[in-house]
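Here is how the chains run, residue by residue.
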Amino acid sequence: MVGGVLLLGTAWTMMLSIEADEARMYIPRAPDGQGTVGTRDGTPAGLDGIEAAVHSAGLYRTFRLSSVGGWAASADSDPLTIGALRPGCTTADVMADDVPERCRSLSADVGSGILVGSVADLTSLFGLDPGQANVLAQGGLLVNTEPVRTRFGTPVNDLVDGKLRLAYLDVAAGPEAKQRTVSVPATAVTTALLARGAAPQRTSVLAATGTAARLHWVTQDWGVRVVDPEGPILEPAAARIDAALDDPWLSVRVERGFVPTPQPGMWLITGTLALLAVIGAAMSTILATAELRPFLTTFAAVGPSPRLSRRVAATQAAVLALVATVLGFALGLAAGAPLALSVTDQGGTATPLVVLPWLVVGGFVVAVPLVAAAVAALSTPARSVLTSRTT
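Residues numbered from 1 in each chain as written. Predicted model: local features only at pLDDT ≥ 70, side-chain atom pairs only at ≥ 80, totals over all residues. Heavy atoms only, no water.

Enquirer: Tell me what's going on with the sheet that holds strand 7 (residues 180-189), and back it up with residues and numbers.
Expert: Backbone hydrogen bonds are what pair the strands of a sheet, in a parallel or an antiparallel way. Within the open sheet, the 10 strands sit side by side as 3-6-7-5-8-4-2-9-1-10. Their pairing is mixed. Every other strand in the sheet has two partners, leaving strand 3 (81-84) and strand 10 (253-254) as the edge strands with one partner each. The strands that helix 4 (residues 119-126) touches are strand 2 (61-71), strand 4 (114-117), strand 8 (205-208) and strand 9 (217-227); relative to strand 2, the one it contacts most, it runs at about 115°. Helix 5 (residues 130-137) rests against strand 5 (141-144), strand 7 and strand 8 of the sheet, and its axis sits at about 120° to strand 5. (Pairing = 2+ DSSP bridges. Helix = DSSP H or I, 4+ residues; strand = E, 2+ residues; numbered from the N terminus. Contact = heavy atoms within 4.5 Å. Axes fitted to C-alpha atoms, helices over the stretch in contact; angles between N-to-C directions.)

Enquirer: Got a sec to walk through a nonpolar patch on the surface? Specific residues and values, please.
Expert: A cluster of nonpolar side chains, contributed by Leu275, Leu276, Ile279 and Met283, occupies part of the molecular surface with about 390 Å² of accessible area. Within the fold, Met283 resides in helix 9 (residues 264-301). By relative accessible area, Met283 is classed as partly exposed at 44%. (Patch = residues over 30% accessible without salt bridge, like charges linked within 9 Å, V, L, I, M, F, W, Y side chains within 5 Å. Areas by Shrake-Rupley, 256 points an atom, 1.4 Å probe, with all protein chains shown as cover. Salt bridge = Lys/Arg side-chain N within 4 Å of Asp/Glu carboxyl O. Buried < 20%, exposed > 50% of the residue type's maximum accessible area, 1.4 Å probe, protein only.)

Enquirer: How would you sum up helix 8 (residues 235-245)? Please name residues and give values.
Expert: Along helix 8, the residues that are buried comprise Ala237, Ala238, Ile241 and Leu245. Down the axis of helix 8, the sector holding all buried residues measures 100°, keeping them to one side. Along helix 8, the residues that are exposed and aim more than 90 degrees away from the buried face are Glu235, Pro236 and Ala243. One or two positions beyond helix 8, positive phi appears at Asp246, with a value near 50°. (Arc of directions from axis to C-beta.)

Enquirer: Describe in detail unusual backbone geometry, supporting the description with residues and values.
Expert: Although it is not a glycine, Asp161 sits at a positive phi angle of roughly 55°. Tracing the sequence through the fold places Asp161 in the loop between strand 5 and strand 6 (163-169). Non-glycine residue Asp246 carries a positive phi angle of around 50°. When you line up the elements, Asp246 lands in the loop between helix 8 and strand 10.

Shown next, in the form of structure tokens:
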């Protein structure tokens, strides 16, 4: 019994710690309740069909969006990584394995952090004012200049003389090689504005499709953002959109934050071990009570309650189950904690963590002894049969 509970405590500690680590590392793809339907190959091909299908499913607003994957001098050349240079920082700084905090910029968690769309789509999705829409139309960028906490630090985008200085980083050439840089006109916006249509941890710059083409930026991950004017897209609505798409390769992904993976297997194992713990404690108690029956019969003959045997069995089963579960979980948590610290170590980018399964522990420590006591009491005869001793 102790061994089974030990393994259970270790497994639950590991699973909950990994789940908590995944939750803190999760980066949303869109504001909560908005959906995204990506094209099959990440190119603009197929956007017309996706929008038509979504509109046939209901009165949804749609926006064509993509992200920037890099800069390429021509269609045949490999794209280079795009980084932003803050004042006092060099290309070698932003290409370092451990970028100094003072040089972190853009949304370094995922890709370049640049979101691309038509001026009309970006204006509608983000609720831009006429001045901000005009910046995009004139080939400028809208840049979040507020610090945003991410899993790899707190990047900040600095504008110098109304421009964002970008670097096209040739990683293959190495940090010591001369890198191409360019300054693009930009206007500062806030995190709150970006949060209307994007995740600030993922996106920090907005650019029009024409601007991206003029700057030779390589766009990727084309898709259609789906917004329900009445609020978050609910499961029935998402099902209707998927049915309208009628394509096994296409589906709407609605942002709902981090959703833990169901663990029916772990709950089945937990229930099975709980049942075995109850049976083990009850059976041990019943056998022990059977050995004590001659003494309990004598006690019953001299006056105590005839139900004494049941009370003894219940108490013994409860104590046995309580000791086994407490000892097993204590050992299991002690073994699981260092393992959890090891698997949640992100190499200095995040503090290792441990999540202890207090709900499971509490349920076992309370429920198993009580159920074991009840089973032992019901399985033990309340009245002992008086027998005469032979002399």
